[in-house]
Amino acid sequence: MTRSLAVTAWAITLALVAASLLGVLAVARTGAPTPVVAVAVACWAGVVYATDRSGGRFTFDAADARPLAGRELPGVHAAALSVCERAGRPVPRIVVVEMDAPGAAIGYDDGEPVVAVDPFLPRVVGPDGVRALFAHELGHLGNDLHTDALRQYAPQILGFSAFWLVDLAGRGPVVATVGSTLFVALALTEHRRTRLLRYALGLGVEPLALAASRYANRLEEYRADAYAARLVDPDTLADALYRVAAIATGENTEDVAGPIPWNADRTLAFSVFATHPSIENRVERLDCAIPDWARPYRPHDGGAGR
């Protein structure tokens, strides 16, 4: 099962990369100066490489993260040693980051694995839950972080290619330069209105590609869950996921499922573009029951029991 998830995620990744390269070639053939296209491709490759080295999903930021001190959060140290010993892997570097919702994330710092944990995570999920979530993050090491980095900028490239081919090709150097500069400027911000304008300029190609990319992200989450279930057990992982989800509140500032983990609270657009599956869907994939304590929970009415 996990192999099929990996194959599908890689197929989506390679399809997006191939489509992006074809889009760049089409732009070059319809009038864009070859040196400019070459520089743009080189910059794209450089950014993808830097993204890959910095971890894809979790970008290590020294200003926000601090090393886990020797006597701090002993449960996290114990969980890391236990899980890595069982997995036969070296213990990655661990840093502490205050997150929107207590959780964990994994990535690379200059190519070296690093796990970020929220300082309140052990209080929320307990020792067993920390082991389960740490095992889930270990499940992302390897292919998942690399595919995520490869996919990250493909949607914008495809959107620009569509914008060029429809609106800029053959319009002369001034129009082409102004239009290209406008699109790049819009790509440098993720404000909702500018993002929607960029989507419109690209004739909706970018959000379609982004939806495919995010679908691959969700498959990779299922794959990491399956890895954790083998190292710990499905019920322990399901319990930890529900405990994190039950206290996750606030606005969705990162376009992930942390603050909006429940199917009942998700809009269709969020479900399509979320990087993480809903908690219910993840537990269903694990083929285990909803924890007894979570059964009365009603996410859409504030969690009041009935």
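Visitor: Sorry, what's going on with the overall build of the chain here?
Guide: Counting its regular elements, the chain contains 12 helices and 4 strands. With 306 residues in all, the chain has 46% of them scored as buried. Summing over all exposed atoms, the chain offers an accessible surface of approximately 15300 Å²; the carbon and sulfur share of this is 60%.

Visitor: Help me understand the packing of aromatic side chains in this model?
Guide: Centre-to-centre distance and the angle between the planes together describe a pair of aromatic rings. The full count for this structure, using the stated rule, is 3 aromatic pairs. Ring geometry for Phe160 and Trp164: centres 6.3 Å apart, planes at 45°, overall tilted. Residue Phe160 and its partner Trp164 are located together in helix α6 (residues 154-168), separated by 4 residues, close to a single helical turn. Among the residues examined, Trp164 registers a relative accessible area of 5% and is labelled buried. Measuring from ring centre to ring centre gives 5.8 Å for Phe163 and Phe183, while their planes differ by 20°; the resulting arrangement is stacked. In this pair, Phe163 is assigned in helix α6 and Phe183 in helix α7 (residues 173-187), connecting sequence segments 20 residues apart. For the pair Phe163 and Phe183, a shared accessibility class is recorded, and that class is buried. Taken together, the aromatic side chains of Phe160, Phe163, Trp164 and Phe183 make up a single cluster linked through ring pairs. For the cation-ring pair, Arg285 lies above Tyr222, with the distance from its terminal atom to the ring centre recorded as 4.1 Å.

Visitor: Can you help me understand the pairing of strand β3 (residues 104-109) in this one?
Guide: In regular strands, side chains alternate between the two faces of the sheet. Pairing analysis gives 6 bridges linking β3 to strand β4 (residues 112-117), with the strands arranged antiparallel. Paired with Gly107 across the bridge in β4 is Val114. The antiparallel hairpin formed by β3 and β4 contains 2 residues in its connecting segment, where Asp110 sits at a positive phi of about 55°.

Visitor: Looking at this structure, I do not really get the side chain of Thr13. What am I missing?
Guide: For Thr13, the position within the fold is in helix α1 (residues 2-29). Setting aside anything within four residues of it in sequence, one finds Thr13 in contact with Thr147, Leu150 and Arg151.

Visitor: Even after reading the chapter, I still don't get the side chain of Ser213, so can you show me in this structure?
Guide: Considering the arrangement of structural elements, one finds Ser213 in helix α9 (residues 205-231). Ser213 gets classed as buried once you look at its relative accessible area, which sits at 5%. Setting aside residues up to four positions removed in sequence, Ser213 forms contacts with Leu16 and Arg151.

Visitor: Even after reading the chapter, I still don't get the nonpolar core, so can you show me in this structure?
Guide: Core analysis: the largest hydrophobic core is formed by 41 residues, its most contacted members being Val125, Leu133, Phe134 and Leu138. Taken together, the elements giving at least two residues each to this core come down to α3 (74-87), β2 (93-96), β3, β4, α4 (121-138), α9, α10 (234-247) and α12 (279-286). Look past the residues within four positions of Val125 in its chain and what remains in contact with it is Val130, Leu133, Ala240, Arg243 and Val244. Residues Val27, Val48, Phe163 and Ala176 belong to the second largest nonpolar core, which totals 14 residues.

Visitor: For this particular structure, what's the right way to read the layout of surface pockets?
Guide: In this approach, a probe sized like a water molecule rolls over the atoms, and the result shows the empty space that is left. What the second largest pocket holds in volume is close to 930 Å³. Taken together, 31 residues form the lining of the second largest pocket, with Val36, Ala40, Phe160, Ser180 and Val184 sitting closest to its centre. Residue assignment for the lining of the second largest pocket shows that the elements contributing at least two residues are α1, α2 (34-54), α6 and α7. Here the lining of the second largest pocket takes 8 residues from α2, the largest share from any one element.

What counts, and at which threshold
- Residues numbered from 1 in each chain as written.
- Predicted model: local features only at pLDDT ≥ 70, side-chain atom pairs only at ≥ 80, totals over all residues.
- Heavy atoms only, no water.
- Helix = DSSP H or I, 4+ residues; strand = E, 2+ residues; numbered from the N terminus.
- Buried < 20%, exposed > 50% of the residue type's maximum accessible area, 1.4 Å probe, protein only.
- Areas by Shrake-Rupley, 256 points an atom, 1.4 Å probe, with all protein chains shown as cover.
- Phe/Tyr/Trp six-rings, centres within 6.5 Å; stacked < 30°, edge-to-face > 60°.
- Lys NZ or Arg CZ within 6 Å of the ring centre and 35° of its normal.
- Pairing = 2+ DSSP bridges.
- Contact = heavy atoms within 4.5 Å.
- Core = buried A, V, L, I, M, F, W, Y, C linked by side-chain atoms within 4.5 Å.
- 1 Å grid on protein atoms, 1.4 Å probe; cavity = no way out; pocket = protein on both sides within 12 Å on 5 of 7 lines; lining within 4 Å.
- Points joined across faces, edges and corners; volume = space filled by probe spheres on them.

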